[in-house]
Amino acid sequence: MTEHPEAIRLDGVTKRYDHGVAPAVADVSLAVAAGDAVAIMGPSGSGKSTLLNLIAGMDRPTSGVIRVGGQRVDRLSETAAARFRRRQVGTIFQFFNLLDDMTVIENVLLPAQLAGTPAAAARRRAGELLATLRIAHRRDAYPARLSGGERQRVAIARALVNRPAVLLADEPTGAVDTATGEEIGALLRDLNAAGQTLILVTHNPDLAARYSRRVVAIADGRIASDTGALR
Amino acid sequence: MTAVIRAARGGIARRKLQVVIIGVVLLAATATSVVALGLLANANGPFDRAFARQNGADLTAAVDPSAASRSQIAATARLAGVTAAAGPYPGVLVTAEVTVPGVPGSSPDSLRLAGRSSPGGPVDDLTLDEGHWPDGGNQIVMDRGTGVFPGSTVTAGSQKLTVVGVADSVTGTADAWVLPSELSALAGPGNPVQEQMLYRFASAGSTSAITADIAELRAALPRGALLNNPVSYLGVRQSEQSDIAPWVPFIIAFGVIALVISVLIVVNVVSGAVTAGTTRIGVLKSIGFTPAQVVASYVLLVAVPALAGCLAGDGLGNLLAIPLLTVNAHVYQVGALGVPFWIDVAVPLATLALTVIGAVPPALRAGRMSAIQAIASGRAPRPSHGYRAHRMLARINSLPRTVTLGLAAPFARPARTVTTVVAILFGAAAVTFGAGLALSLGRVVTDNPNTALPVSVSLSQAGPAQPAMTAAQQRSVVSVLAAQPGTLRYLTQTGGQVSLPGLSDSASVTAYGGGNPAWSGYALISGRWYSGGVAEADVNTLFLTDTGTSVGSAYTLGSGRHRVTVRIVGEVFDPGKNLDLYLSPATLAAIAPGTTGPGQYDVAVRPGVSPAAYANAVSAALGRSYQAYASTGQNKTLTAVLALIAMLTILITVVAGLGVLNTVALQIRERAHEIGVFKSIGMTPRQTLAMIVCSVAFIGLAAGIAAIPAGVYLHHGVVPVMAHAANSGYPASLISVYATWQLILLALAGLVIAVAGALGPAGWAAGTRTAFALRAE
């Protein structure tokens, strides 16, 4: 594993929302190699989603250092963090977070448009992703018309449209049935096999074991175990 | 009830921004309405109070004693419709010289004298301001309006009278009073004494009632005994209307605009609270709230801050009205004027009622909402509109995606968008209207001799009236003016007073000579300026109204015993309480043969020349026997009114901006999660700001463009009403004030209001952390 450069590195990261209350994330240090697939596992309220938000630059740690692709993200301004997210990370959520009033293609195109990608290039990339994710036939449908699995595939396409270095998945199968969950899991595994770094947050040990190469367990905001920590 | 109050209190605590907005907009609406109604109620208040206190005459009649005996005249007091009468008092028109102690020289003046043994009586109970009533020969009491004070002397023919007092007649039944026994000697030979009768009638509230009263009076007297048209208090009331009356119409217009915007904002606030509070409504119902209690809790949510805003607005309105009312009270000496109590009660109640009525429909929607559905949805219902707009706008590649996202937002909630557009439209219309008013009032200032002919040159030894210059003095002035490089042009001006048969008031005469009278700066409403020949005159609107004449009419003017019939050739824009007459020096000389020459020269200076510096130069050249004054061109009243217009316009735009702020705050509250998603996929704070601002910018621009005709229409409707309240018609230049470039600029008002209103909440949304926004529901 050491031959791979680090995609993500956290050093002593703590996130505290309120004083006098236990931190959501406490002194977490973690390194993830490029191309790896890491499952962050833990019960509800253990701090795994908070950790994902910190890696995505959607929140700032109270203390500690976070680097993604060599770039320090823990002190970025909101503008710099937005630019960082455009290029470095793609995020998929448990409840998809698709925009209801936009069609599938519009949802997928949006990050590219925000990043200022030329329209033709963005459309080409979105078309490729929709085809790869076998959702091209629903490109003009609104999210409300899609099944849970279709919605999550659209969310994955949207997350990947700007070719991010890291794909962050927060309970990606939490809102779909078992069969669809399997399908989504397989899709993520295929993406990782193609070289996409993947961080998968889940509370499901079976999912973590099947679709990742490394499992980091979190309890009360601290790393309880790690099956393959980098040195 | 306690539960409803607790629920409302909880709602208020959760919506501090909306609560503040409701309070502020209702403060503005109530304050504007209180000022408008307070001024309206007091526009005629001082006159009416003085009229009631003095038992003012509904009708002042002049009767020819050669056509009716004193007993016939006295018998008219017992006519069926007459409730009180005074007289007959002997009356006569004389030309008198008034000398004021400490002021050199004297001035000839036409005085309407009445002979009364005492100031009191059942009608026209005079108010004695100073001194005492004549108790012997050669004593006279002057009317307050003449400005002559005790100790002065009045010389009429060979009679010299001492002014012993100052009195006031609310309907101006005379310029001065003497004992009845003095009248014949003062009239002199060939100047017939008339009999004056003063009446109060059971029915005198309208022009038709007064006309009927006059007909009854005319029928009771021998044919031809009733001279001219008796003077009705209604005409005096109209012409004596207070100085603030012209300002009432525009304040009312601003008040109505503020009220409309307030109601629209309240509707938006409550609708937004219902939409955002779906879960809360479900919970309230699930724990036993009836639909009526839910409605009550939402109405209370608005009523509490609305009440606070109304009460504060009432106080502010009183504070704003007091300075304007004080001026009016001083003129009539009727003590302190204030906003009537009924207005202090009625306006806040009416504003509050309107607010509550506006809140009821969306609150009813909350009351009807199904508890299960509300709880099950778990969050505010997503808008179901605007998908097509989103899709169409997404295809526009020439615009940044953040812009098209923003432009599509108004289509998601069409009802809210419409109310916001209307609120911005009213705000922007107020800007166009306010700007137009300012431009029109600017014309009032510029269409005036003080601006057109800012320098006046006269003799230093000024008395009560300007002494006439001799031919040699005129030559001196002309040579100095000709030598000044800054001289553009000048007119001679001769002033005087002429009596108007059948009217209580005399008219001020201004004779411009030595050039085109149009140089005076006065705008003509209709007709043309008089030519140099005899027997043509221009008059102001009040003159036409009071004398029942029109442009083209012939009218007989008198000064002392001289009578000249002139043709009215033009209507001059000269608003106010005075009857004004403009004619050539030759015509004035025919009416008042004693007029020997101009009293002053009015000079226009070349562009770039300072009137003050010019006046100093002329003064230095002419020496101490002459004085040259430069008008500052400033009008304190107009300056105050312009400030009031600016303040009201700003107030309305702030209120409209608060409406936008409320809409955007609601939008952000409802779309917080969506904004979080945008941010999570890379939308920067600047892009977020742009998206939110664009969500109201287009509708602001559209509303601003639509507001132009609305504001212009309002201006064109209100300015004539203001002119009418100032006893005047209006020239076209007072209405056609908007230049194209100004309209284009004004069309941006809606955009400015929208952007200014959106910036605050948009900035907040832009700066919110992504994770925080994503957690929002």
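Residues numbered from 1 in each chain as written. Chains lettered and ligands numbered in written order. Predicted model: local features only at pLDDT ≥ 70, side-chain atom pairs only at ≥ 80, totals over all residues.

1. Some words on the overall build of chain B
In terms of helices and strands, chain B carries 27 helices and 20 strands. By sequence separation, contacts in chain B at least 24 residues apart represent 84% of the contacts at least 6 residues apart. (Helix = DSSP H or I, 4+ residues; strand = E, 2+ residues; numbered from the N terminus. Contact = placed C-beta atoms within 7 Å.)

2. Brief notes about the overall build of chain A
A count of helical and extended segments in chain A gives seven helices and ten strands. Considering only C-alpha atoms, chain A reaches an extent of 50 × 40 × 40 Å along its principal axes. Expressed as a percentage of its 231 residues, the buried residues of chain A come to 52%. Of all intrachain contacts in chain A linking residues separated by at least 6 positions in sequence, the fraction that spans at least 24 positions is 69%. (Buried ≥ 20, exposed ≤ 12 C-beta atoms within 10 Å, placed from the backbone.)

3. Examining the environment of A131 of chain A
Residue and element names in this part refer to chain A. Structurally, A131 is set in helix 4 (residues 119-132). On the neighbour-count criterion, A131 (13 C-beta atoms within 10 Å) is partly exposed. Along the sequence, A131 and A157 sit 26 residues apart, while their C-alpha atoms lie 9.7 Å from each other.

4. Points about the sheet that holds strand 9 (residues 214-219) of chain A
All names here are of chain A. Pairing is mixed in the open sheet, where six strands are placed in the order 6-7-8-3-9-10. Two strands bound the open sheet, and with one partner strand each, they are strand 6 (89-92) and strand 10 (222-226). Neighbour-to-neighbour, the strand axes of this sheet turn through a mean angle of 20°, independent of strand direction. With four bridges connecting them, strand 3 (residues 37-41) and strand 9 associate as parallel partners. Note on strand 9: the bridge partner recorded for A39 is V215. (Pairing = 2+ DSSP bridges. Axes fitted to C-alpha atoms, helices over the stretch in contact; angles between N-to-C directions.)

5. Description of the domain arrangement of chain B
Once the domains are mapped, chain B shows domain 1 (1-44 + 262-374), domain 2 (59-239), domain 3 (382-450 + 636-777) and domain 4 (455-630). The straight-line distance from the C-alpha centre of domain 2 of chain B to that of domain 4 of chain B is 29 Å. (Domains from an automatic or database assignment.)

6. Here's the deal with the interface of chain B and chain A
When the parts come together, some accessible area is lost, and that loss is often what is quoted as the size of the interface. Residue-level contacts link 25 residues of chain B with 25 residues of chain A. Of all the secondary structure elements, the ones that give two or more residues to the side of chain B that touches chain A are helix 13 (387-394), helix 22 (672-680), helix 23 (685-725) and helix 27 (770-775) of chain B. Among the residues making up the side of chain B that touches chain A, the classes are represented as nine nonpolar, nine polar and seven charged. (Nonpolar A, V, L, I, M, F, W, Y, C, P; charged D, E, K, R; others polar.)

7. Quick word on the pairing of strand 3 of chain A
Residue and element names in this part refer to chain A. With five of five residues buried, strand 3 lies mostly within the body of the structure. Residues A37, A39 and M41 point to one face of strand 3 and V38 and I40 to the other, with burial holding for every one of them. Bridge analysis of strand 3 against strand 8 (residues 197-202) gives five bridges, and the strand direction is parallel. Within strand 8, the residue paired with V38 across the bridge is I199.

8. Side note on helix 17 (residues 471-483) of chain B
Three or four residues apart is the spacing at which side chains of an α-helix point the same way, because the helix has 3.6 residues per turn. Residues and elements named next belong to chain B. Over its 13 residues, helix 17 extends 18 Å from the first C-alpha to the last, a length consistent with the 18 Å expected when each residue adds 1.5 Å. All buried positions along helix 17 are accounted for by V477, V480 and L481. Taken end-on, helix 17 shows its buried residues confined to a sector of 100°, consistent with a single buried face. Those residues of helix 17 that are exposed and aimed more than 90 degrees away from the buried face are A471, A472, R475, S479, A482 and A483. Where helix 17 is buried, its residues contact strand 11 (455-459), strand 12 (487-499), strand 19 (600-605), helix 20 (611-622) and strand 20 (626-630). (Expected span 1.5 Å × (residues − 1). Arc of directions from axis to C-beta.)

9. Some points on helix 11 (residues 341-368) of chain B
Between its first and last C-alpha, helix 11 of chain B extends 40 Å over 28 residues, near the 40 Å set by a 1.5 Å rise per residue. Turning to helix 11 of chain B, its buried residues number three or more, namely I343, V347, P348, T351, T355, G358, A359, P362, A363, A366 and G367 of chain B.

10. Points about the environment of L583 of chain B
Residue and element names in this part refer to chain B. Along the polypeptide, L583 turns up in strand 18 (residues 579-583). Residues L583 and T487, 96 residues apart in the sequence, show an inter-C-alpha distance of 24 Å. Each residue touching L583, except ones within four places of it in the same chain, is listed here: V509, A511, Y530, E536, A537, V566 and L588.

11. Comments concerning the packing of helix 23 of chain B against helix 25 (residues 740-747) of chain B
Residue and element names in this part refer to chain B. Close contact between helix 23 and helix 25 brings their axes to 8 Å; oriented N to C, the two are set at 135°. Here helix 23 lies oblique to helix 25, going by the angle between them. Along its contact with helix 23, which presents G704, I705 and I708, the element helix 25 presents L743, L746 and A747. (Parallel < 35°, antiparallel > 145°, perpendicular 65-115°, else oblique.)

12. Considerations on the sheet that holds strand 1 (residues 6-15) of chain A
Consider a sheet: its strands pair through backbone hydrogen bonds, and that pairing is either parallel or antiparallel. All names here are of chain A. Reading across the sheet, the four strands line up as 2-1-4-5 and stay open at both edges, with antiparallel pairing between neighbours. This sheet does not close on itself; its edge strands, each paired only once, are strand 2 (25-33) and strand 5 (71-72). Pairing of strand 1 with strand 4 (residues 63-68) involves five bridges; the strand directions are antiparallel. In the sheet register, D11 faces strand 4, and the bridge partner there is V65.

13. Digging into the confidence of the model for chain B
Summing up the model confidence of chain B, the mean pLDDT is 83 and the portion of residues at 70 or higher is 89%. Interface predicted TM-score (ipTM) for the complex: 0.87; the corresponding pTM is 0.74. (pLDDT = per-residue confidence, 0-100.)

14. Some details on unusual backbone geometry
Residue and element names in this part refer to chain A. Positive phi, close to 55°, is recorded for N97, a residue that is not glycine. Topologically, N97 is positioned in the loop between strand 6 and helix 3 (104-114). Classification of N97 as buried rests on a count of 22 C-beta atoms within 10 Å. The phi torsion at R134 lies on the positive side, around 55°, for a residue other than glycine. As for its position among the elements, R134 is in the loop between helix 4 and helix 5 (148-160).

15. Observations concerning the packing of helix 17 of chain B against helix 20 of chain B
All names here are of chain B. Where helix 17 meets helix 20, the axes come as close as 10 Å, and the angle between the chain directions of the two elements is 135°. Classified by the angle their axes make, helix 17 and helix 20 are oblique. Considering only the axes of helix 17 and helix 20, their crossing is right-handed. Contacts between helix 17 and helix 20 involve S476, V477 and V480 from the former and V618, A621 and L622 from the latter. Across the contact of helix 17 with helix 20, the residue classes break down as five nonpolar, one polar and no charged. (Left-handed = near helix turned anticlockwise from the far one by under 90°.)

16. Remarks on the nonpolar core
Judged by nonpolar contacts, the single largest core of 255 residues is most densely connected at A157 and I199 of chain A together with V25, Y298 and I424 of chain B. Here V25 of chain B is in contact with I261, S262, I265, V655 and L658 of chain B, once residues within four sequence places are set aside. Membership of the second largest hydrophobic core comes to 27 residues, among which are V148, L161, V164 and V166 of chain B. (Core = buried A, V, L, I, M, F, W, Y, C linked by C-beta atoms within 7 Å.)

17. A short note on the confidence of the model for chain A
Averaged over chain A, the pLDDT score is 89; the fraction of residues at 70 or greater is 97%. For chain A, helix 7 (residues 205-211) of chain A is the element with the lowest average pLDDT, namely 85, and strand 4 of chain A is the one with the highest, namely 95.

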